[in-house]
Amino acid sequence: MTRPIGTSDGGDHGSPPDAYNAPQPLGFHRLTRLMNAVGTAWIFVMMLLMTFDVLGRNLFNTPIRGVIEIVTLSIVSIVFLQLADTLRTGQFTRADALLSMLIRRKPVLGRALQGLFHLVGAILIAVLCWASWFQMLESWGNGEYLGAIGDFQAPVWLMRMTIVFGSACTALTFLFLAVDDFRVASRRGAAS
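Attention in this report is confined to the structure presented alongside it.

### As for helix 4 (residues 107-142)
Each turn of an α-helix holds 3.6 residues, which means side chains three or four residues apart point in the same direction. In a regular helix each residue adds 1.5 Å, so 36 residues correspond to 52 Å; helix 4 covers 52 Å between its end C-alpha atoms and thus fits that length. Positive phi appears at Gly-143, one or two residues downstream of helix 4, with a value of about 65°.

### Side note on the pattern of salt bridges
On inspection of all chains with the given rule, the structure shows seven salt bridges. Among the salt bridges present, the one from Asp-53 reaches Arg-57, with a minimum N-O distance of 3.1 Å. Here Arg-57 and Asp-53 lie together in helix 1 (residues 28-59), a separation of four residues that amounts to about one turn. When its relative accessible area of 41% is taken as the criterion, Arg-57 is described as partly exposed. As a salt-bridge pair, Asp-151 and Arg-65 come within 3.3 Å of each other at their nearest N and O atoms. In this pair, Asp-151 sits in the loop between strand 1 (145-148) and strand 2 (152-155) while Arg-65 sits in the loop between helix 1 and helix 2 (67-88), placing the two residues 86 residues apart along the sequence. With relative accessibility at 43%, the residue Asp-151 sits in the partly exposed group. A network of salt bridges, in which partner residues are shared, links Arg-111, Asp-180, Asp-181 and Arg-183.

### Looking at the layout of surface pockets
Sizing a probe to match a water molecule and rolling it over the atoms shows the empty space that remains. If you add up the space inside the largest pocket, you get close to 300 Å³. Among the secondary structure elements, those contributing two or more residues to the lining of the largest pocket are helix 2, strand 2 and helix 5 (156-191). When residues of the lining of the largest pocket are assigned to their parent elements, the largest contribution, six residues, is made by helix 2. In the lining of the largest pocket, the residues fall into eleven nonpolar, three polar and no charged.

Definitions and cut-offs
Residues numbered from 1 in each chain as written. Predicted model: local features only at pLDDT ≥ 70, side-chain atom pairs only at ≥ 80, totals over all residues. Heavy atoms only, no water. Helix = DSSP H or I, 4+ residues; strand = E, 2+ residues; numbered from the N terminus. Expected span 1.5 Å × (residues − 1). Salt bridge = Lys/Arg side-chain N within 4 Å of Asp/Glu carboxyl O. Buried < 20%, exposed > 50% of the residue type's maximum accessible area, 1.4 Å probe, protein only. 1 Å grid on protein atoms, 1.4 Å probe; cavity = no way out; pocket = protein on both sides within 12 Å on 5 of 7 lines; lining within 4 Å. Points joined across faces, edges and corners; volume = space filled by probe spheres on them. Nonpolar A, V, L, I, M, F, W, Y, C, P; charged D, E, K, R; others polar.

Structure, rendered in structure tokens:
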């Protein structure tokens with residue numbers, strides 16, 4: 001099936017819609033949207049920075065210091081800033097042909113299985129967050145940087161902090177989706 005997850009294909013036979021794009025508890029979806037917007041704005045800033053670096057390098061023989069380091073650290077940060085909202089809007093990459101068919105034909109089983117997938121996703125991302133937390137603390141404590149002393153130094157802990165924060169938000173988003181799936185499955189199961 002080649003449709004974004006969480007959207008109806010017109011033949012859902014009364015199955016409830018997915019929780020994608022739905023408001024989340026405590027307005028959490030607003031935070032993930034803001035993070036996504038910051039990531040998008042940062043992409044624009046990086047494009048400008050690289051453009052001015054190329055122009056400065058070629059026209060005036062004066063490159064901007066630290067562009068390579070900033071871009072290197074920014075790419076990872078942008079991914080983790082946008083990860084939770086990508087999941088929340090149903091744009092997270094997954095193979096869902098079997099799951100979509102199951103949700104249409106057996107909504108209770110399909111939503112329960114989808115809830116299980118979301119719960120496993122929450123656990124895996126939480127493990128990533130936990131492991132990244134210690135790496136962030138180590139980077140902070142050691143004063144780890146990218147670049148050369150006397151030229152340009154970018155602190156690595158900022159990027160690691162973005163990984164921790166972004167993965168924590170993604171794990172919570174997975175958890176909110178799992179709770180919704182299990183709630184819908186149990187409600188429909190009780191109604192059957």
